[in-house]
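# Observations on the three-dimensional arrangement
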Amino acid sequence: MIGVSKMKPYTNVLDRPLSKGKLEVSLSAFAFLFSELVQYNQTQVDNIAELERRLEDAGYAVGARVLELLCHRDKGNRRETRLLGILSFVHSTVWKVLFGKVADSLEKGTEHDDEYMISEKELLVNRFISIPKDMGTFNCGAFVAGIVRGVLDSAGFPAIVTAHFVPMDGQQRPRTTILIKFAEEVLQREARLG
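In what follows, the accompanying structure is described. These numbers come from a predicted model, not from an experiment.

From N to C terminus, the protein includes six helices and four strands. Counting helices and strands in the order they occur from the N terminus, the protein gives α-α-α-β-β-α-α-β-β-α. When each of the 194 residues of the protein is scored for burial, the buried share is 34%. Long-range contacts, defined here as pairs at least 24 residues apart, represent 59% of the contacts in the protein between residues at least 6 apart. With the model as given, the accessible surface of the protein reaches about 12400 Å², and the carbon-plus-sulfur share is 54%.

As a further point, take the packing of aromatic side chains. Two aromatic rings, taken as a pair, are described by how far apart their centres are and by the angle between their planes. By the definition in use, this model includes four aromatic pairs. When the centroid spacing of 5.9 Å and the interplanar angle of 15° are considered together, the rings of Phe30 and Phe34 count as stacked. Of this pair, Phe30 and Phe34 both sit in helix α1 (residues 27-44), four residues apart, which is roughly one turn of the helix. Plain terms: the ring middles of Tyr116 and Phe182 are 5.9 Å apart, the flat faces sit at 75° to each other, and that makes the pair edge-to-face. Placement of Tyr116 in strand β2 (residues 115-120) and of Phe182 in strand β4 (residues 175-182) is noted, with a sequence separation of 66 residues between them. Residue Tyr116 is classed as buried on the basis of its relative accessible area, which comes to 8%. Within the aromatic cluster, the residues linked to one another by ring pairs are Phe30, Phe34 and Phe143. Looking at Arg189, its charged tip hangs above the ring of Phe157, at a distance of 4.7 Å from the centre.

Running from amino to carboxyl end, α1 crosses helix α2 (residues 48-74) at an angle of 135°, the nearest separation of the two axes being 9 Å. Compared by their axis directions, α1 and α2 come out oblique. For α1 against α2, the interelement crossing comes out right-handed. Contacts between α1 and α2 pair Leu37, Val38, Tyr40, Asn41, Gln42 and Gln44 from the former with Leu51, Arg54, Leu55 and Ala58 from the latter. Classifying every residue of the contact of α1 with α2 by side-chain character gives six nonpolar, three polar and one charged.

Time to look at the sheet that holds strand β1 (residues 105-108). Taking strand neighbours across the sheet as the criterion, the four strands line up as β1-β2-β4-β3 in an open arrangement whose pairing is antiparallel. Each edge of the open sheet is held by one strand with a lone partner, namely β1 and β3 (159-166). For this sheet the average axis-to-axis angle between neighbouring strands, irrespective of direction, equals 20°. Here β2 runs beside β4; their pairing, made up of six bridges, is antiparallel. Considered in β4, the bridge of Glu120 is made with Thr176.

Between α2 and helix α5 (residues 142-154), the shortest axis-to-axis distance is 6 Å and the interhelical angle comes to 45°. The angle between α2 and α5 places the two elements in the oblique class. Crossing of α2 against α5: the hand is right-handed. Only Ala142, Phe143, Ala145, Gly146, Ile147, Arg149, Gly150, Val151, Asp153 and Ser154 of α5 make contact with α2, whose side of the interface consists of Glu52, Leu55, Glu56, Asp57, Ala58, Gly59, Tyr60, Val62, Gly63, Ala64 and Leu67.

Conventions and cut-offs
- Residues numbered from 1 in each chain as written.
- Predicted model: local features only at pLDDT ≥ 70, side-chain atom pairs only at ≥ 80, totals over all residues.
- Heavy atoms only, no water.
- Helix = DSSP H or I, 4+ residues; strand = E, 2+ residues; numbered from the N terminus.
- Buried < 20%, exposed > 50% of the residue type's maximum accessible area, 1.4 Å probe, protein only.
- Contact = heavy atoms within 4.5 Å.
- Areas by Shrake-Rupley, 256 points an atom, 1.4 Å probe, with all protein chains shown as cover.
- Phe/Tyr/Trp six-rings, centres within 6.5 Å; stacked < 30°, edge-to-face > 60°.
- Lys NZ or Arg CZ within 6 Å of the ring centre and 35° of its normal.
- Axes fitted to C-alpha atoms, helices over the stretch in contact; angles between N-to-C directions.
- Parallel < 35°, antiparallel > 145°, perpendicular 65-115°, else oblique.
- Left-handed = near helix turned anticlockwise from the far one by under 90°.
- Nonpolar A, V, L, I, M, F, W, Y, C, P; charged D, E, K, R; others polar.
- Pairing = 2+ DSSP bridges.

Here you go:
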């Protein structure tokens, strides 16, 4: 019969299967939307620290949802329980889903045992943002730091996550480093697990 579909009619969006296809957002659409997010928040605050905090809060909500989605799709509702496992998950899987590639590097801090760094030469959120001179050290990487904090907190690894510019020799633009400082309870749990 013509016009008769064998597909199951879905009455609710929650009944539809999760697509595993490669869904990508146009880079120009993302840049425009993110620029609007920054501009809106800029009108709501008085200083750079507050602007970065608001961007981090927006990223936190994204991170919590990304963890839920990836755990459901890729891991059969299982989550990482070890420190290096969750860091590797963020560095590779989360980064690949969000930015289309694995992060440039994941390093352990040399001064403190509770610090780890994810570095990116050209972080996507900083690529199309021009910072006025009066805003000095403003770093849009705070949004990505919020995403990382949202993933870690939702997975049971509370941490303080911040974004920093690190100058590179021979490069005009500095690289962005996401600094992760885990709570003491995470390190104690990791020591118990052995």
